[in-house]
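# Structural overview for review
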Amino acid sequence: MERQLWEEIVAVVKLACNGRVKVSRGYSSFEIAKVWFWAVLHDRPVTWACRRCNWPANSWGESIPSDATMSRRLHSPGVQKLLTRVEELVLKSERGLEVCWLMDGKPLPIGGCTKDKQAGFGRAAGCNAKGYKLHVIMGKQGKLAEWRVAPMNKDERVMAARMLKATTARGYFVADSNYDSNKLHQVCDDRGNMQLVVGRRYGAGRGFGHRKQTAGRLRSVELTENPSPEFSSDLFKYREQVERYFGNLTSWGGGLSQLPAWVRTHRRVKRWLQAKLIVNAIKRISPYD
């Protein structure tokens, strides 16, 4: 399976290059991306992937990019543009194909003694931890409309607002009661054709107090608390899909098990997550899976 998955990854990266995989001097963006994905697939640092002994025989010609070359080129506009193109090919959902979207976050804890000053200390799964959190807007079929990574202490509603402002997706956005916020509902109202569907943060059947409520929040309450809430109940059933997605993302050898010790600071965490999401998406759509 590993060999077949690697061939699929190389094929997708080559497709994103539009067939331009060679340059007259130096290393092409395709070759840099190839080394990067080889390291990520095997949960190893880039230094490991720069050694010929860690590649199958006849995988490279005269030389492999050095660690210094990889460090410099991974930040270059050409390589970043290529990785973005690969992400768009396998990860992004096409607008108009989905009407129900799921929002959630996945904690990515790291050691409490880390010197990473950009990591935050916040709420994880049933405990408090230090690290980062992956935030997604996902379709029912596992395609992502938007994703972000932020320190663990960043409010999920703040990140959800940023994603809702950036996405081209339209329809119903289903989330748990932690996302119940007038500000989030207002973002959806301002953008149009977007309805956030959440249970109330402090339980159903309560009053609204004296604070003015947005039209979107009132519609959400009507959908979820009316005497016949079959429609909203069906929408909430889809929330299991995002939990399955996170489970699938972390439950295989090349998946996102945890953040390795060499993946620290927001920039590195974001690049690592991008690669892991791409690899997992390719695995999900491959015919041998």
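Check the entry above for the structure.
Rules behind the numbers
- Residues numbered from 1 in each chain as written.
- Predicted model: local features only at pLDDT ≥ 70, side-chain atom pairs only at ≥ 80, totals over all residues.
- Heavy atoms only, no water.
- Salt bridge = Lys/Arg side-chain N within 4 Å of Asp/Glu carboxyl O.
- Helix = DSSP H or I, 4+ residues; strand = E, 2+ residues; numbered from the N terminus.
- Buried < 20%, exposed > 50% of the residue type's maximum accessible area, 1.4 Å probe, protein only.
- Expected span 1.5 Å × (residues − 1).
- Arc of directions from axis to C-beta.
- Contact = heavy atoms within 4.5 Å.
- Polar contact = N/O pair within 3.5 Å; in protein donor to acceptor, adjacent residues only side chain to side chain.
- Phe/Tyr/Trp six-rings, centres within 6.5 Å; stacked < 30°, edge-to-face > 60°.
- Lys NZ or Arg CZ within 6 Å of the ring centre and 35° of its normal.

## Some words on the pattern of salt bridges
When their charged atoms lie close together, side chains carrying opposite charge are able to pair. Evaluated as defined, the whole model comprises 14 salt bridges. Across the salt bridge formed by Asp 43 and Lys 276, the nearest N and O atoms sit 2.7 Å from each other. Of this pair, Asp 43 sits in the loop between helix H2 (29-41) and helix H3 (46-49) while Lys 276 sits in helix H11 (residues 266-285), and the two are 233 residues apart along the sequence. When sorted by exposure, Asp 43 lands in the same class as Lys 276, which is buried.

## Observations concerning unusual backbone geometry
Although it is not a glycine, Asn 193 sits at a positive phi angle of roughly 55°. Here Asn 193 shows up in the loop between helix H7 (182-191) and strand E6 (194-197). In this model, Thr 265 sits at a positive phi of 75°, which is unusual for a non-glycine residue. Relative to the elements of secondary structure, Thr 265 occurs in the loop between helix H10 (239-250) and H11. Under the relative-accessibility criterion, Thr 265 is labelled partly exposed at 23%.

## Looking at H10
One full turn of an α-helix is made of 3.6 residues, so residues set three or four places apart face in the same direction. For H10, spanning 12 residues, the distance from its first C-alpha to its last is 18 Å, which sits close to the expected 16 Å at 1.5 Å a residue. For H10, the complete set of buried residues consists of Arg 239, Val 242, Tyr 245, Phe 246 and Leu 249. Looking straight down H10, one finds its buried side chains confined to an arc of 110°; they lie on one side. In this structure, the buried residues of H10 make contact with strand E1 (100-110), strand E3 (128-139), strand E4 (144-151), strand E5 (171-174), helix H9 (230-237) and H11.

## Some remarks on H7
When we look at burial in H7, the residues that qualify are Leu 184, His 185, Val 187 and Cys 188. Within H7, the buried residues cover an arc of 155° as seen down the axis, which keeps them to one side. Exposed side of H7, more than 90 degrees from the buried face: Lys 183 and Asp 190 are the residues found there. Tucked into the core, H7 has its buried residues touching helix H6 (156-166), E6 and helix H8 (215-225). Where H7 starts, the residue carrying a side-chain oxygen 3.2 Å from the main-chain nitrogen of Lys 183 turns out to be Ser 181. Directly beyond the C-terminal end of H7, a positive phi value near 85° is found at Gly 192.

## Some remarks on the packing of aromatic side chains
Within the structure shown, the criterion is met by eight aromatic pairs. These aromatic residues form a ring-pair network of at least three members: Trp 6, Trp 38, Trp 55 and Trp 60. The ring of Phe 208 is capped by Arg 200, whose NZ or CZ atom sits 4.6 Å from the centre of that ring. Above the face of the Trp 36 ring, Arg 271 is positioned so that its terminal group lies 5.4 Å from the ring centre.

## Some words on the environment of Lys 92
Among the secondary structure elements, Lys 92 is positioned in the loop between helix H5 (77-90) and E1. Lys 92 sits in the partly exposed class, given a relative accessible area of 24%. A C-alpha to C-alpha distance of 23 Å links Lys 92 and Ile 32, two positions 60 residues apart in sequence. Those residues in contact with Lys 92 that lie beyond four places of it in its chain are Glu 87, Lys 143, Leu 144, Ala 145, Glu 146 and Trp 147. One polar contact links the side chain of Lys 92 to the main-chain carbonyl oxygen of Ala 145, over a distance of 3.4 Å.

On their own, these measurements won't tell you what the molecule is for.
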